[in-house]
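# Descriptive structure summary
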Amino acid sequence: MAVFTAGGSVVGDVVMDAVVDAGAQEAEKALDAFWEREESRRAAITQLRVELVKLTRVGCEDGDPPNPLVVVVDELDRCRPDYALALLEIIKHFFSVPSVHFVLGVNLEALEHSVRARYGHAFPADRYLDRFITLRMALSDVVPGRARRAVVVDYFSKCALELPFSREFVDLASDQIRLVHSSTGISMRDVNRVISHLALFDPAKAGQYKWGVALILVSMTLFRCMAPALYVKAIRARVTRAEVTDFFGITPAHIDQGGPKFDDAAERLYHAWDFVVTDGESAQKETVARWFDDFGMTPRVQSLPRQLSEEFLETFSFPRA
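Let me sum up the structure you'll find in this document. (Residues numbered from 1 in each chain as written. Predicted model: local features only at pLDDT ≥ 70, side-chain atom pairs only at ≥ 80, totals over all residues. Heavy atoms only, no water.)

Here A237 lies in the loop between helix 11 (228–235) and helix 12 (241–248). Along the primary structure A237 and P305 are separated by 68 residues, whereas in three dimensions their C-alpha atoms are 7.8 Å apart. (Helix = DSSP H or I, 4+ residues; strand = E, 2+ residues; numbered from the N terminus.)

Below, the structure is given as structure tokens:
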């Protein structure tokens, strides 16, 4: 018992002194090891900077300016807040080398949320990020030289045309991408998911349907990628006209043929879904029915979303050779 009380007996004093001496020695060893690691780390950082400078001089003669070395860091805002901010600190302090530049592909608003998550909601996140960001430039949302064609729509069209679908199918899909982009917004990541789904479709099977069915098929693909709850409601024949028009941002002005905001693609999509939602009893059923069948024979058209889901979106099959 005397050993553990560190006092009260000669035995206790002697043993405790030995324990303290041993602890001091271990602490000294740990401290030495720490500084050895620290020196190694600093040496590694110095060597890294030297190598980066060498990279900027590759192919350069004496007196020539160094080649710029550009490092692109994408989607930093999607990382954990502590990781994202630690990486910024590393870039600033360890990679501060002449002619070495970092380009951050980032949603600055989201990155500011990461800063506030670490330092508090009242923290001036924008000023904090100015420590690391020298120049801010926003990517254009419109393709230059075109009549207000959104980049995301152009990107979809270019990628979708690489798939074995007809130009007509890609165009009607692009129209729906455009409508969603104008209403709720659609990201490149969303577009990539849509394209991934389309890539698994059998183009021969999809091409056998009338274009009205193709409209619904593309819509169901968008629902599944961007609005799963709406997708389920469509499968269960419970989706409403208002829910569809809200998703695509279709307003009465879009379907007013005499109005300045008339949109042909929006009108066709509206009437196609109106026909499905009402199970073929829409006001323009005689005209719209032929969008789905040459003879206007569309029994139980309300079940079309479920049918398309089962044939294209929920069943995996290898493409035919």
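When two helices pack together, you describe them by how their axes are tilted relative to each other and by the distance separating the axes. For the pair helix 6 (residues 151–160) and helix 8 (residues 188–199), the least separation of the axes is 10 Å and the interaxial angle reads 20 degrees. One finds that helix 6 runs roughly parallel with respect to helix 8. When you trace helix 6 past helix 8, the crossing you get is right-handed. Each of V151, V152, Y155, F156 and C159 in helix 6 lies in contact with helix 8, whose residues at this interface are M188, V191, N192, V194, I195 and L198. (Axes fitted to C-alpha atoms, helices over the stretch in contact; angles between N-to-C directions. Parallel < 35°, antiparallel > 145°, perpendicular 65-115°, else oblique. Left-handed = near helix turned anticlockwise from the far one by under 90°. Contact = heavy atoms within 4.5 Å.)

A separate point is the packing of aromatic side chains. Taken as a whole and judged by the stated rule, the model has 14 aromatic pairs. For the pair Y209 and F312, a centre-to-centre distance of 6.2 Å together with 65 degrees between the ring planes defines the contact as edge-to-face. Here F312 lies in helix 15 (residues 304–313) and Y209 lies in the loop between helix 9 (203–207) and helix 10 (211–226), a separation of 103 residues in the sequence. Classification of Y209 as partly exposed rests on a relative accessible area of 22%. Relative accessible area serves as the criterion here: at 7%, F312 is assigned to the buried category. When the ring of W211 is compared with that of W291, the centres are 4.8 Å apart and the planes differ by 35 degrees; the resulting orientation is tilted. On the criterion of sequence distance, the pair formed by W211 in helix 10 and W291 in helix 14 (residues 285–292) is long-range, its members being 80 residues apart. Put simply, the rings of Y119, F123, Y128 and F132 touch in pairs and so form one group of aromatic residues. (Phe/Tyr/Trp six-rings, centres within 6.5 Å; stacked < 30°, edge-to-face > 60°. Buried < 20%, exposed > 50% of the residue type's maximum accessible area, 1.4 Å probe, protein only.)

Let's shift gears to the packing of helix 6 against helix 7 (residues 167–183). Running from N to C, helix 6 and helix 7 point in directions that differ by 155 degrees, and their axes come no closer than 9 Å. The angle between the axes of helix 6 and helix 7 places the two elements in the roughly antiparallel class. The element helix 6 and its partner helix 7 pack so that their crossing is right-handed. Residues V152, V153, F156, S157 and A160 of helix 6 lie in contact with helix 7, whose contacting residues are V170, A173, S174, I177, R178 and H181. Its residues assigned to classes, the contact of helix 6 with helix 7 shows seven nonpolar, three polar and one charged. (Nonpolar A, V, L, I, M, F, W, Y, C, P; charged D, E, K, R; others polar.)

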